[in-house]
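Spelled out from the first residue to the last, the chains are:
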Amino acid sequence: MTTAVITGASSGIGLELAKQFAKHKHNVTLVARREDVLNKLADEIKEKYKVQVHVLAKDLSDAKQVDEVYEFTTLHNLQVKYLVNNAGFGDYAFFNTANWEKLSGMIDVNIKALTRLSWLYVKDMIKNERGKIMNVASTAAFQPGPLMAVYFATKSYVLSLSEAMANELEDKGVTVTALCPGPTQSEFLKVADMHNSKMIKDRKLPSSKDVAAYGYKAMMKGKNVAIQGTMNYIMAQGARFVPRNTITKLVRVMQEK
Ligand SMILES: NC(=O)c1ccc[n+]([C@@H]2O[C@H](COP(=O)([O-])OP(=O)(O)OC[C@H]3O[C@@H](n4cnc5c(N)ncnc54)[C@H](OP(=O)(O)O)[C@@H]3O)[C@@H](O)[C@H]2O)c1
């Protein structure tokens, strides 16, 4: 049986993606920092779906621990057919007053770990002529984001990388999907300290379960760019037809508390 490696599986979209894979009878390797939460999820998944589950407590802002994910699956001869780079976080602050450690860690997790894991696993996938990678970007990828400047920029990177990789891998049996959710119910908003921004205040947000179910299907279809939700789709695509400085001003207004 093949395995799906899912990062950021201890909460929100990643946790629900883990359940999606297990429900469809794939073994899963769960990666995040909170081992206790991962173990609890692993027990639940094993009991309910009867698949093999591995738990890897790793801090993906540490390059060494990122490589240990790949080393673990190689050592245990797990057939990694699916890689889901979902771990990520944001930070709500002006660029000049933001905490440097946070910004640096965000770049390490949202960009570096995702790129390194893709680079490591894609070689095996090409050799096996099969594999699917899903990188969790965001609707934030489609325009600049004042008050979360670095976060929006990391997601633009994820979208750009994923589209270029998908193109290069077209004839190699490997697909790459950039999943682009809009604001979603998860721990993200609390971690980023953005629950009062107009972007989300008084809005009914989709659940992580809905986003994961959508993402799973899009990945299996090998869709390149998967924007969850009709309004999110219209806004993300519409951004291309509006001058960039106008869009940036609009996002600033929406981001304010
Ligand atoms: N929720 C939204 O509104 C939204 C919208 C668009 C895109 N997204 C993207 O969706 C993805 C999942 O976010 P979510 O909404 O599900 O948020 P979440 O509930 O906060 O989940 C984030 C996950 O990332 C993991 N993570 C964070 N830092 C990590 C680190 N240093 N090492 C390893 N794992 C780490 C967390 O696990 P530990 O804390 O246990 O390490 C957690 O499992 C992110 O890439 C996010 O940018 C979210």
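Please read all numbers here as calculations on a predicted model, not as lab measurements. (Residues numbered from 1 in each chain as written. Predicted model: local features only at pLDDT ≥ 70, side-chain atom pairs only at ≥ 80, totals over all residues. Heavy atoms only, no water.)

Bringing the sheet that holds strand S3 (residues 53-57) into the picture now. Read across the sheet, seven strands follow the order S3-S2-S1-S4-S5-S6-S7 without closing on themselves; strand pairing throughout is parallel. The open sheet terminates on both sides in strands that have one partner only, identified here as S3 and strand S7 (225-227). With direction set aside, neighbouring strand axes in the sheet form an average angle of 15 degrees. Pairing geometry for strand S5 (residues 131-136) and strand S6 (residues 174-180), over six bridges, is parallel. The residue bridging methionine 134 from the neighbouring strand is threonine 177, located in S6. Seen against the sheet, helix H1 (residues 12-23) touches strand S1 (3-7), strand S2 (27-32), strand S4 (80-85) and S5 and runs at an angle of roughly 170 degrees to S1. (Pairing = 2+ DSSP bridges. Helix = DSSP H or I, 4+ residues; strand = E, 2+ residues; numbered from the N terminus. Axes fitted to C-alpha atoms, helices over the stretch in contact; angles between N-to-C directions. Contact = heavy atoms within 4.5 Å.)

Right, let's talk about the packing of aromatic side chains for a bit. All told, the structure shown has five aromatic pairs when counted by the stated rule. Aromatic side chains tyrosine 70 and tyrosine 121 sit 5.0 Å apart centroid to centroid with 75 degrees between the ring planes, which places their arrangement in the edge-to-face category. Here tyrosine 70, found in helix H3 (residues 63-75), pairs with tyrosine 121, found in helix H4 (residues 100-128); they are 51 residues apart in sequence, far enough to count as distant. Here tyrosine 121 falls in the buried class, since its relative accessible area comes to 2%. With a centroid separation of 6.3 Å and an interplanar angle of 80 degrees, the aromatic rings of tyrosine 151 and phenylalanine 152 are classed as edge-to-face. The same class applies to tyrosine 151 as to phenylalanine 152, namely buried. These aromatic residues form a ring-pair network of at least three members: Phe21, Tyr82 and Tyr216. Positioned above the aromatic ring of tryptophan 119, the side-chain terminus of lysine 123 is 3.7 Å from the ring centre. (Phe/Tyr/Trp six-rings, centres within 6.5 Å; stacked < 30°, edge-to-face > 60°. Buried < 20%, exposed > 50% of the residue type's maximum accessible area, 1.4 Å probe, protein only. Lys NZ or Arg CZ within 6 Å of the ring centre and 35° of its normal.)

Turning our attention to empty space enclosed by the protein. Here the structure, examined in full by the defined rule, presents three cavities of 30 Å³ or more. Of the volumes computed, that of the largest cavity is approximately 60 Å³. Those elements that provide at least two residues to the lining of the largest cavity are H4 and helix H5 (149-168). A per-element tally of the lining of the largest cavity places H5 first, with three residues. In terms of residue class, the lining of the largest cavity is made up of nine nonpolar, no polar and one charged. (1 Å grid on protein atoms, 1.4 Å probe; cavity = no way out; pocket = protein on both sides within 12 Å on 5 of 7 lines; lining within 4 Å. Points joined across faces, edges and corners; volume = space filled by probe spheres on them. Nonpolar A, V, L, I, M, F, W, Y, C, P; charged D, E, K, R; others polar.)

The subject of this paragraph is the layout of surface pockets. If a probe as big as a water molecule is rolled over the atoms, it shows which places are left empty. Space inside the largest pocket adds up to approximately 1200 Å³. Around the largest pocket sit 50 residues that line it, and Gly88, Phe89, Tyr151, Lys155 and Phe188 are the ones nearest its centre. Of all the secondary structure elements, the ones that give two or more residues to the lining of the largest pocket are H1, S2, H4, H5, helix H6 (188-191), helix H8 (230-238) and helix H9 (244-255). No other element matches H9, which puts five residues into the lining of the largest pocket.

The quantities given are spatial measurements derived from coordinates; they are silent on function.
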